[in-house]
Amino acid sequence: MALPSDYAPKFQDYARPQMLVTTEWLAEHLEDPGLVVAESDEDVLLYETGHIPGAVKLDWHTELNDPVTRDYVDGAGFARLMSLKGISRDTTLVLYGDRNNWWAAYALWVCTLFGHPDLRLLDGGRAKWIAEGRRMSTDLPQRPRTDYPVFDRDDAAFRAFREQVAAHLGQPLIDVRSPGEYTGELLHMPDYPQEGAVRGGHIPGARNVPWSRAAADDGTFRTRKELEAIYQDEAGLRPDDDVVVYCRIGERSSHTWFVLHHLLGHPRVRNYDGSWTEWGNSVRVPIRSGETP
Amino acid sequence: MTASGSGTLNPRLREIAEDFGAVPESERLHLLLEFAEELPPLPERYCEHPDLLEQVPECQTPLFLAVEVDADCAVHLFFDAPREAPTTRGFAGILHAGLDGLSADEILDTPGEFSSQLGLRDLVSPLRLRGMAAMLARIKRQVREQQN
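Note that the structure is predicted; figures quoted are calculated from it, not measured.

Novice: Please provide a residue-by-residue account of the sheet that holds strand 8 (residues 242–246) of chain A, values included.
Specialist: Residues and elements named next belong to chain A. Reading across from one edge, 7-6-8-9 is the order of the 4 strands in this open sheet, with parallel pairing throughout. Of all the strands in the sheet, the pair left with one neighbour each is strand 7 (206–208) and strand 9 (268–272). Taking each pair of neighbouring strands and ignoring which way they run, the sheet shows an average axis angle of 25°. In this structure, strand 6 (residues 173–175) lies alongside strand 7, joined through 3 bridges in parallel fashion. For I174, the partnering residue across the bridge sits in strand 7 and is R207.

Novice: Describe the packing of aromatic side chains, listing the residues and the values that go with them.
Specialist: Residue and element names in this part refer to chain A. Summed over all chains, the structure comprises 17 aromatic pairs over all chains. Pairing Y72 with W109 gives two aromatic rings, centres 5.5 Å apart and planes at 80°, and the pair type is edge-to-face. Of this pair, Y72 sits in the loop between helix 2 (60–64) and helix 3 (75–85) while W109 sits in helix 4 (residues 102–113), and the two are 37 residues apart along the sequence. Exposure class is identical for Y72 and W109. Each is buried. Ring geometry for F78 and Y148: centres 5.7 Å apart, planes at 85°, overall edge-to-face. Of this pair, F78 sits in helix 3 while Y148 sits in the loop between helix 5 (125–131) and helix 6 (162–168); the two residues are 70 residues apart in sequence, bridging distant segments of the chain. The same class applies to F78 and to Y148, which are both buried. Among the aromatic residues, ring-to-ring pairing joins W60, Y72, W102, W103, Y106, W109 and W211 into one connected group. Stacked on the ring of F151, the Lys or Arg R89 has its end atom at 3.5 Å from the ring centre.

Novice: Explain the pairing of strand 8 of chain A to me, and be specific about the residues and the numbers.
Specialist: All names here are of chain A. Of all 5 residues in strand 8, 4 are buried, a share of seventy percent or more. Looking at chain direction, strand 8 and strand 9 are connected through 5 bridges and run parallel. Bridge pairing in strand 9 links V243 to V269. You can see the chain leave strand 8, run along helix 9 (residues 252–263) and come back into strand 9, and the turn it takes is right-handed.

Each value, and the rule that gives it
Residues numbered from 1 in each chain as written. Chains lettered and ligands numbered in written order. Predicted model: local features only at pLDDT ≥ 70, side-chain atom pairs only at ≥ 80, totals over all residues. Heavy atoms only, no water. Pairing = 2+ DSSP bridges. Helix = DSSP H or I, 4+ residues; strand = E, 2+ residues; numbered from the N terminus. Axes fitted to C-alpha atoms, helices over the stretch in contact; angles between N-to-C directions. Phe/Tyr/Trp six-rings, centres within 6.5 Å; stacked < 30°, edge-to-face > 60°. Buried < 20%, exposed > 50% of the residue type's maximum accessible area, 1.4 Å probe, protein only. Lys NZ or Arg CZ within 6 Å of the ring centre and 35° of its normal. Right-handed = clockwise from strand over helix to strand, strands pointing away.

The structure is reproduced here in structure tokens:
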């Protein structure tokens, strides 16, 4: 049974207001049956240092990815994972995490591929919850195991593969990496490990809009008006465009995918999770370096 | 002795590896968290001079370290990593607990792939564990530089 939406005024301007909840809403509904809160962070131990009471942990590295093939888990693997976490198909799943919900948005995007019906992000994520002095806990929740049904992953609507990106050249692409990675000056994120791309630069035609520009200082999403100014006025996207977003392995671009699809309402937005670690290593694909899209 | 170490763990590191091996997988992350909490704070002389610290960009979250070899050839290690990065702090805490105060030779003898003996691969992921191997490699390089 789905929980009621959060009717916070700010959300009403977004294309799908039901995709977000405020910290106030979550605090009020924390005990409701039918709700599971999941924390997804960059740091695999951050959850253990304290989390929203009752929240389960969902790790992108060790749980959402297939351990061998570079791909996400399959339908059976996802069903197993959800069952283990005590999530049912009709659960309202609220995701939150560190770094402006970077990894929470990634987890939400992966859950979307399996069509989980009710997914929401906590606006402002872990940092806002803590900044407001709300309760944290180190207790591990003991949720009864569920029997989540097996749904095949459907990549068609929201995921793009390299061949599809090659066929998409000439249509809108958004590169959400830092300016240095976009121009080719850096082969990895500033202050982050080299993850092995042999060429620097971007996919020809891609406009550079670093993902974190969609977040305000307190980690919440910018207002619809502010987002339109960034993605439509500045980057030139039109509401009916077919857009592909990418970064390095598809995590930062999940955040932008969420913004373009759910907040601005672009009907067709695909995340290219192969991203630069695939494109920048591929033989004979076109690459552009420098600031020119 | 080779650049990557002889393959044997010093008694302190061996004990740490055994501790990790002795607890069930479900508790290993908590053990790592204890190491994160036990990492000593950076001494004031480094807080005032962050330029003296070497960054380890291979870690997922920025980590800084400093290596000092004293007159008795004992090596002292100093680490700085943010509180919001407990995994990185945990790796640093293990290296501090296992290596601080040892001789330069003992440190150079530490197997480069030591981190793979903690049973954390599936819990933490190989990509994240690479950060600990990188810290060790940089510590060894600094020890070698200061020996010369």
